[in-house]
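# Structure at a glance
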Amino acid sequence: GIAGTDVAKEASDIILTDDNFSSIVKAVMWGRNVYDSISKFLQFQLTVNVVAVIVAFTGACITQDSPLKAVQMLWVNLIMDTFASLALATEPPTEALLLRKPYGRNNPLISLTMMKNILGHGVYQLVIIFTLLFIGERMFNIDSGRNAPLHSPPSEHYTIIFNTFVLMQLFNEINARKIHGERNVFDGIFANPIFCSIVLGTFAVQIVIVQWGGKPFSCAPLNVEQWLWCLFVGVGELLWGQVIATVPTERLPCLKEAGLGLESGEEEGEELAEDEEEIDCAERELRRGQILWFRGLNRIQTQVSFDRNSTFNCYHYFLTGAHTDTQTFQPEPSLRHDTCAVCLR
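Residues numbered from 1 in each chain as written. Predicted model: local features only at pLDDT ≥ 70, side-chain atom pairs only at ≥ 80, totals over all residues. Heavy atoms only, no water.

What follows concerns the overall build of the protein chain. For the protein chain, the helix and strand inventory stands at ten helices and zero strands. Here the protein chain, with 345 residues, has 35% of them falling under the buried criterion. Considering only contacts within the protein chain whose residues lie at least 6 apart along the sequence, 74% involve residues at least 24 apart. (Helix = DSSP H or I, 4+ residues; strand = E, 2+ residues; numbered from the N terminus. Buried < 20%, exposed > 50% of the residue type's maximum accessible area, 1.4 Å probe, protein only. Contact = heavy atoms within 4.5 Å.)

The next thing to look at is unusual backbone geometry. Although it is not a glycine, Asn-141 adopts a positive phi angle of roughly 60°. Positionally, Asn-141 belongs in the loop between helix H4 (112–140) and helix H5 (156–175). Although it is not a glycine, Ser-218 sits at a positive phi angle of roughly 55°. Residue position: Ser-218 is located in the loop between helix H6 (193–212) and helix H7 (224–246). On the basis of relative accessible area, Ser-218 is assigned to the partly exposed category, the value being 22%.

Let's shift gears to the nonpolar core. Counting residues in each nonpolar core, the largest one holds 48 residues, and the members touching the most others are Ile-160, Phe-162, Phe-165 and Phe-195. Counting residues per element, the ones that place at least two in this core are helix H2 (22–63), helix H3 (70–88), H4, H5, H6 and H7. Here this core gets eleven residues from one element, more than from any other, and that element is H5. (Core = buried A, V, L, I, M, F, W, Y, C linked by side-chain atoms within 4.5 Å.)

A few words on H5. Helix length check: H5 (20 residues) gives 28 Å between terminal C-alpha atoms against 28 Å at 1.5 Å per residue, within 8%. In terms of burial, H5 is a largely internal element, 19 of the 20 residues being buried. (Expected span 1.5 Å × (residues − 1).)

In the numbering adopted here, UniProt assigns the feature "transmembrane region" (unreviewed entry) to residues 41–62, 118–136, 189–214 and 226–247. End-to-end, the C-alpha atoms of residues 189–214 are 34 Å apart, and along that stretch the chain is 77% helix and 0% strand. (UniProt positions renumbered as here; feature names shortened; annotations may be inferred.)

Turning our attention to a nonpolar patch on the surface. A surface patch of nonpolar side chains, about 430 Å² in accessible area, is lined by Phe-21, Ile-24, Val-25, Val-28 and Leu-98. Residue placement: Val-28 occurs in helix H2. Val-28 gets classed as partly exposed once you look at its relative accessible area, which sits at 35%. (Patch = residues over 30% accessible without salt bridge, like charges linked within 9 Å, V, L, I, M, F, W, Y side chains within 5 Å. Areas by Shrake-Rupley, 256 points an atom, 1.4 Å probe, with all protein chains shown as cover. Salt bridge = Lys/Arg side-chain N within 4 Å of Asp/Glu carboxyl O.)

Turning our attention to the confidence of the model for the protein chain. Looking at the protein chain as a whole, its pLDDT mean stands at 78, while 74% of the residues score no less than 70. Segment residues 322–329 is flagged for pLDDT under 50; beyond a separation of four residues in sequence, or across chains, it makes nine contacts in the model. Scored below 50 in pLDDT, residues 334–345 makes 24 contacts in the model with residues more than four places away or belonging to other chains. (pLDDT = per-residue confidence, 0-100.)

Evaluation of the coordinates by the stated rule reveals six aromatic pairs. Pairing Tyr-124 with Trp-240 gives two aromatic rings, centres 5.8 Å apart and planes at 20°, and the pair type is stacked. Placement of the pair is Tyr-124 in helix H4 and Trp-240 in helix H7, with a sequence separation of 116 residues. Positioned above the aromatic ring of Phe-195, the side-chain terminus of Arg-177 is 5.6 Å from the ring centre. (Phe/Tyr/Trp six-rings, centres within 6.5 Å; stacked < 30°, edge-to-face > 60°. Lys NZ or Arg CZ within 6 Å of the ring centre and 35° of its normal.)

This next bit is on the packing of H2 against H4. Two numbers describe how H2 lies on H4: the axes approach to 9 Å, and their chain directions differ by 30°. Taken together, the axes of H2 and H4 are roughly parallel relative to one another. Regarding H2 and H4, the two cross each other, and that crossing is right-handed. For the pair H2 and H4, contact is made by Ser-39, Gln-43, Leu-46, Thr-47, Val-51, Ile-54, Val-55, Thr-58 and Ile-62 and by Met-114, Asn-117, Ile-118, His-121, Gly-122, Gln-125, Leu-126, Ile-129, Phe-130 and Phe-134, respectively. Class assignment of the residues belonging to the contact of H2 with H4 gives a composition of eleven nonpolar, eight polar and no charged. (Axes fitted to C-alpha atoms, helices over the stretch in contact; angles between N-to-C directions. Parallel < 35°, antiparallel > 145°, perpendicular 65-115°, else oblique. Left-handed = near helix turned anticlockwise from the far one by under 90°. Nonpolar A, V, L, I, M, F, W, Y, C, P; charged D, E, K, R; others polar.)

Written as structure tokens, this is what we have:
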């Protein structure tokens, strides 16, 4: 961008404004980081959406009352949208992003590994929520919240369901930091203070809502034992994430039958075809740029050479020719040009 010519800039696809080739590495690293941040947020948000919709709809159909109330759903949506986007989209880029292969041009935004994580964590959360919904009162020896009167006070039963659901989302947010099947979900977590602050802040606000939210949030205070059980189920999300990472993505026939995946040979063939096509396009663009550059250079050289030769011939003809009178001197048309001072006379 600084030392390059205008012809080279017009023929190029990418211009380095600082003439530093390390900028290409930074641009690739930040581009991959932005793409991965979007994928992380989608993985987390789709999991919450699937579980919340199924729980609200099924609970309303079976028990005539949704276990998740309207104000509670607003708090869940705040966690799911605003806080999750800030936490997952502020991950700093690392050099590990440059070690993997680039995404194909036609690859979907939701990969097979992401779909496996969404379905796997969704199944875990649905099993826990429905277990607490139908037999939770017997597990904790409390009054049942099902079929309660319309204006009855908040029950501990439904408060445990709501608290467990939110804590599972908090720990699943840690799982959502990795979208390529990595096992160490805590890798580099302290390098992002925004993520840590949002997770801890959300947990603190959840304690305040459950213990002192009262009727506006449809919550009843829980004791220490109930809180520990909710935390235990929430931490189970991390353990369940390790189980999901153990399952090979290629051995999930349900994803392939749904048209979400390709066989390994077909996928490799498609990637090779895309690579060859990109190489061909790059070569054509490079050749076109080289041709334009050489044409411009030859044109400039030809113009400079013609100006020099014509000027020299005019002066030589004027000084050594038969015409000594400068007023009557007229050079031949082949030697006449606009830039020569002799010809302009």
